[in-house]
Amino acid sequence: MRALRTAMTMSGLGLAHASGVSRSMLSRIERGLVSPSVDTLERIARGLGVPVARFFADQAERMDFSLVRRGQGMPVDRLGAVAGYHYELLGHLLSGQMFVEPYLVRLDTDAPAYANFQHPGLKFIHLLSGRVKYRYGPRVMDLEEGDSLLFDASALHGVEAIEARPVAYLSIVFTLRP
């Protein structure tokens, strides 16, 4: 975190204002005295203008690949996440100005359909299991196991209806660095 902040020529006070996290808490995190919650990490990431995954890359030894072994993805609790939607970060990569974040998304058996996602960047969806109706803007498409969809994520999108469970899909988000 300190390396990112200083690389951006941002003071501790500046990051405190940008993230809504107190300067003393930021100092304790940077010195390794406390482990921040996922919520705090997300606020700091927003303040720095980077994805949360950026905190898990050693920039001094950064290589342009990310290997995550089967079952070793990092569970991610997202702010405002839809109940029953589970996200597992399968890697992360900063290549030039592009951030790439692949997620395995699994829906619980009682998870509701939710078609109100909207965020910057491009998104690639590949349905691994189940059958859904997937909304992209005004269009609703039937997706079956093995189907893929690539789109501009700034439009409303998401699972409009669940036709067959269990539902699991690969979701890869591509965003430009600010």
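None of these values were measured; they are calculated from a predicted model.

A. A look at the pattern of salt bridges. Within the structure shown, the criterion is met by six salt bridges. Between lysine 133 and aspartate 142 there is a salt bridge, and its shortest N-O distance comes to 2.7 Å. In this structure aspartate 142 comes out as exposed when scored by relative accessible area, which is 53%. Within the structure, one salt-bridge network assembled from shared partners comprises Arg2, Arg5 and Glu30.

B. A look at the packing of aromatic side chains. Enumeration over the complete set of coordinates arrives at five aromatic pairs. Between tyrosine 87 and tyrosine 103 the ring centres are 6.2 Å apart and the planes differ by 90°, which places this aromatic pair in the edge-to-face class. Placement of tyrosine 87 in strand β2 (residues 85–89) and of tyrosine 103 in strand β4 (residues 98–107) is noted, with a sequence separation of 16 residues between them. Positioned above the aromatic ring of phenylalanine 117, the side-chain terminus of lysine 123 is 5.5 Å from the ring centre.

C. Fine view of the packing of helix α2 (residues 12–19) against helix α4 (residues 38–48). Between α2 and α4, the least distance of the axes is 8 Å, while the angle of their chain directions is 110°. Taken together, α2 and α4 sit at an angle that is classed as roughly perpendicular. The two elements α2 and α4 cross, and the hand of that crossing is right-handed. Here α2 contributes Leu15, Ala18 and Ser19 to the contact with α4, which in turn contributes Arg43, Ile44, Gly47 and Leu48. Per-class residue counts for the contact of α2 with α4 are four nonpolar, two polar and one charged.

D. Region of the structure containing helix α3 (residues 23–30). If you check which residues of α3 are buried, you get Leu26, Ile29 and Glu30. Each buried residue of α3 lies within a common arc of 95° when the element is viewed along its axis, so the set occupies one face. Of the residues flanking the end of α3, it is glycine 32, one or two places downstream, whose phi is positive at about 75°.

E. Seen up close, the layout of surface pockets. By volume, the largest pocket is sized at about 1100 Å³. Contributing to the lining of the largest pocket are 37 residues, with Glu42, Arg78, Glu101, Tyr103 and His119 lying nearest its centre. Of all the elements in the fold, those that place two or more residues in the lining of the largest pocket are α4, β1 (74–76), β2, β4, β5 (114–117) and β9 (157–176). Among the residues forming the lining of the largest pocket, the class breakdown is 25 nonpolar, seven polar and five charged.

F. Main features of α4. Taken residue by residue, α4 has Thr40, Leu41, Glu42, Ile44, Ala45, Gly47 and Leu48 as its buried positions. Just beyond α4, the residue with positive phi is glycine 49, at close to 75°.

G. Seen up close, the pairing of β9. Strand direction decides the pairing type here: β4 and β9, joined by ten bridges, are antiparallel. Opposite leucine 107, over in β9, you have valine 167 as the bridge partner. Pairing of β5 with β9 involves two bridges; the strand directions are antiparallel. When the sheet's bridge partners are listed, phenylalanine 117 is paired in β9 with histidine 157. In the sheet, strand β6 (residues 122–136) pairs with β9 via 13 bridges, with the strands oriented antiparallel. Of the residues in β9, the one forming a bridge with arginine 135 is glycine 158.

H. Inspection of the environment of leucine 90 at higher detail. Mapped onto the secondary structure, leucine 90 falls in the loop between β2 and β3 (93–95). A relative accessible area of 28% means that leucine 90 is categorised as partly exposed. Considering only alpha carbons, one finds leucine 90 and glycine 158, 68 residues apart in sequence, at a separation of 20 Å. Contacts of leucine 90, omitting those with residues within four sequence positions, involve Val68, Gly73, Pro102, Tyr103, Leu104 and Leu170.

Definitions and cut-offs
- Numbers given to residues run from 1 along each chain, matching the order in which its sequence is written.
- Residue-level local features of this predicted model are given only where pLDDT is at least 70; pairs of side-chain atoms are given and counted only at 80 or more, and the full residue set underlies all totals for whole chains, interfaces and linings.
- By convention in this description, side-chain values take in all heavy atoms of the structure and omit both hydrogens and water.
- Any carboxyl oxygen of Asp or Glu within 4 Å of a side-chain nitrogen of Lys or Arg constitutes a salt bridge here.
- Here's how the labels work: a residue is buried when its accessible area is under 20% of the maximum for its type, exposed when over 50%, partly exposed in between, all with a 1.4 Å probe on protein chains only.
- Stacked, edge-to-face and tilted are the three classes for Phe, Tyr and Trp ring pairs, Trp counted by its six-membered ring, which pair at centre distances within 6.5 Å; planes under 30 degrees apart are stacked, over 60 edge-to-face, the rest tilted.
- What counts as a helix is a DSSP run of H or I of at least four residues, what counts as a strand is a run of E of at least two, and both are numbered from the N terminus.
- Placement of a charge over a ring requires the Lys NZ or Arg CZ to be within 6 Å of the ring centre, with the centre-to-atom vector within 35 degrees of the ring normal.
- Only C-alpha atoms enter the line fits that serve as axes; for helices the fit covers just the stretch in contact. Angles between N-to-C directions range over 0 to 180 degrees.
- Here roughly perpendicular refers to angles of 65 to 115 degrees, roughly parallel to angles under 35, roughly antiparallel to angles over 145, and oblique to all remaining angles.
- In a left-handed crossing the near helix is turned counterclockwise from the far helix by less than a right angle, and in a right-handed crossing that turn is clockwise.
- Here a residue-residue contact requires only that any non-hydrogen atoms of the pair lie within 4.5 Å.
- Each residue is assigned to one class: nonpolar for Ala, Val, Leu, Ile, Met, Phe, Trp, Tyr, Cys and Pro, charged for Asp, Glu, Lys and Arg, and polar for all the others, Gly among them.
- The reported arc concerns the directions from the helix axis to the C-beta atoms and nothing else.
- The pocket and cavity definitions rest on a 1 Å grid over protein atoms only: a 1.4 Å probe that fits but cannot leave marks a cavity, an open set with protein on both sides within 12 Å along at least five of seven lines marks a pocket, and residues lining either have an atom within 4 Å of a point.
- Grid points are joined across faces, edges and corners, and a volume is the space filled by probe spheres set on the points.
- A pair of strands is treated as paired once DSSP finds two or more bridges between them.

Shape is all these values report; function is a separate question.
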